[in-house]
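What the coordinates show
So the chains spell out like this:
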Amino acid sequence: MHAIRTIVVLTGAGLSAESGLATFRGPGGLWEGHRVEDVCTPEALAQDPTLVHRFYDMRREALDTVRPNAAHQALARLDARWPGELLIVTQNVDDLHERAGAQRLLHMHGALRSALCAACGTRMPHAGSLPPGTDCPSCGAAALRPDIVFFGEMPYGMDRIEAALADADLFVSIGTSGAVYPAAGFVQMAAHFGAATLELNLEPSSGSHWFEKSRRGPATRLVPEWVEEVLAGR
């Protein structure tokens, strides 16, 4: 394999689960008690904005009870020390990557500590509750909503992500289910352009068979081990 210069890392809910944030899927998952259609679609926002806004207010509050774990910290260390190109693409809407210190980061599904104006499209930092009908400071419309990419909406940064995957020497997926597109297709895209592919996951994902190599175990163990290997040139 040619030398690794450009790395793309994809992270999912399994990375933050060890910090105490519930995962997206599974019997103990985030959506238990709520159908996805009730809280994560444009139709839900239109039909019951109070429920949707309250749901994300509660998730925002939960961020104050958790801290970055060893996997977040390891990726931040990679970000600080890797001399080549690096893009950490996260499906997570929490801010644990940022709090660990990562900077070369893209939130493809939005962020809890951000608000989006449905009228003018402006995105802005936001802390605390976000009641329906909150005014946008940019255009004045009472149209602020959670800056979350709902099902049926286009993820953020796809052009940048696809360009990075096309140029990547190594693609690593960490803590993802491999079931949610377009992220589930990133491994095939990276491999098509010649990247080596590695999956770090607690259990096999829906897309494990697409990866050249897979390692099983908790992210708090696997990610620091892998980061040390990469930084050591192994």
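Remember, predicted model here, so these are calculated numbers, not experimental data.

Remarks on the pattern of salt bridges
Per the counting criterion, the structure on display carries 12 salt bridges. E153 is paired through a salt bridge with R145; the nearest N and O atoms lie 3.0 Å apart. Across the pair E229 and R215 runs a salt bridge whose closest N-O atoms are separated by 3.0 Å. Of this pair, E229 sits in helix 9 (residues 219–231) while R215 sits in strand 9 (residues 213–216), and the two are 14 residues apart along the sequence. A relative accessible area of 23% means that E229 is categorised as partly exposed. Among the charged side chains, a network of salt bridges with common partners joins D64, D95, R99 and R113.

A word on the domain arrangement of the chain
Along its sequence, the chain is organised into domain 1 (1–21 + 68–109 + 155–233) and domain 2 (22–65 + 110–148). Its C-alpha centre places domain 1 at a distance of 25 Å from the equivalent point of domain 2. If you look at the interface, domain 1 gives 16 residues, while domain 2 gives 15 residues. Between domain 1 and domain 2, a total of about 1100 Å² is buried, with carbon and sulfur atoms accounting for 55% of that surface. Here domain 1 and domain 2 share one salt bridge between them. For D95, the salt bridge goes to R113, with nearest N and O atoms at 2.6 Å.

Digging into the sheet that holds strand 3 (residues 105–107)
Strands sit in the order 3-2-1-7-8-9 across an open sheet of six strands; the sheet is parallel. The open sheet has two edge strands, strand 3 and strand 9, and neither has a second partner. Across the sheet, the mean angle separating the axes of adjacent strands is 15° when strand polarity is ignored. Here strand 1 (residues 6–11) pairs with strand 2 (residues 85–90) via six bridges, running parallel.

A closer look at the pairing of strand 1
Within strand 1, six of the six residues are buried, which leaves the element mostly enclosed by the surrounding structure. Judged by which residues are buried, strand 1 turns out to be covered on both faces: T6, V8 and L10 on one side and I7, V9 and T11 on the other are all buried. Taken together, the five bridges between strand 1 and strand 7 (residues 170–174) define a ladder with parallel strand orientation. Of the residues in strand 7, the one forming a bridge with I7 is L170.

Digging into the sheet that holds strand 5 (residues 123–125)
In space, the three strands of this open sheet follow the order 5-4-6, with antiparallel pairing throughout. Strand pairing shows two members of the sheet lacking a second neighbour, strand 5 and strand 6 (144–148), which therefore form its edges. Ignoring strand direction, the axes of neighbouring strands in this sheet form an average angle of 45°. Inspection of the sheet shows strand 4 (residues 110–117) paired to strand 6 by four bridges, in the antiparallel sense. Residue pairing in the sheet places A115 in a bridge with P146 of strand 6. Running at roughly 55° to strand 6, helix 4 (residues 49–62) makes contact with strand 4 and strand 6 of the sheet.

Things to note about helix 5 (residues 70–81)
The end-to-end C-alpha distance of helix 5, which contains 12 residues, comes to 16 Å, matching closely the 16 Å that a straight helix rising 1.5 Å per residue would cover. Along helix 5, the positions that sit buried rather than exposed are A71, H72, A74, L75, A76, L78 and D79. Where helix 5 is buried, its residues contact strand 1, helix 1 (13–17), strand 2, helix 6 (96–100), strand 7 and helix 9. The residue sitting at the N-terminus of helix 5 and contributing the capping side-chain oxygen is N69; that oxygen lies 2.8 Å from the backbone nitrogen of A71.

Structural notes on the UniProt feature "binding site: substrate" (unreviewed entry) in the chain
Under the present numbering, the feature "binding site: substrate" (unreviewed entry) in UniProt falls on Y56 and R59. On the secondary structure map, Y56 appears in helix 4. Relative to the assigned elements, R59 resides in helix 4.

What counts, and at which threshold
- Residues numbered from 1 in each chain as written.
- Predicted model: local features only at pLDDT ≥ 70, side-chain atom pairs only at ≥ 80, totals over all residues.
- Heavy atoms only, no water.
- Salt bridge = Lys/Arg side-chain N within 4 Å of Asp/Glu carboxyl O.
- Helix = DSSP H or I, 4+ residues; strand = E, 2+ residues; numbered from the N terminus.
- Buried < 20%, exposed > 50% of the residue type's maximum accessible area, 1.4 Å probe, protein only.
- Domains from an automatic or database assignment.
- Contact = heavy atoms within 4.5 Å.
- Buried area = accessible area lost by both parts, 1.4 Å probe.
- Pairing = 2+ DSSP bridges.
- Axes fitted to C-alpha atoms, helices over the stretch in contact; angles between N-to-C directions.
- Expected span 1.5 Å × (residues − 1).
- Polar contact = N/O pair within 3.5 Å; in protein donor to acceptor, adjacent residues only side chain to side chain.
- UniProt positions renumbered as here; feature names shortened; annotations may be inferred.

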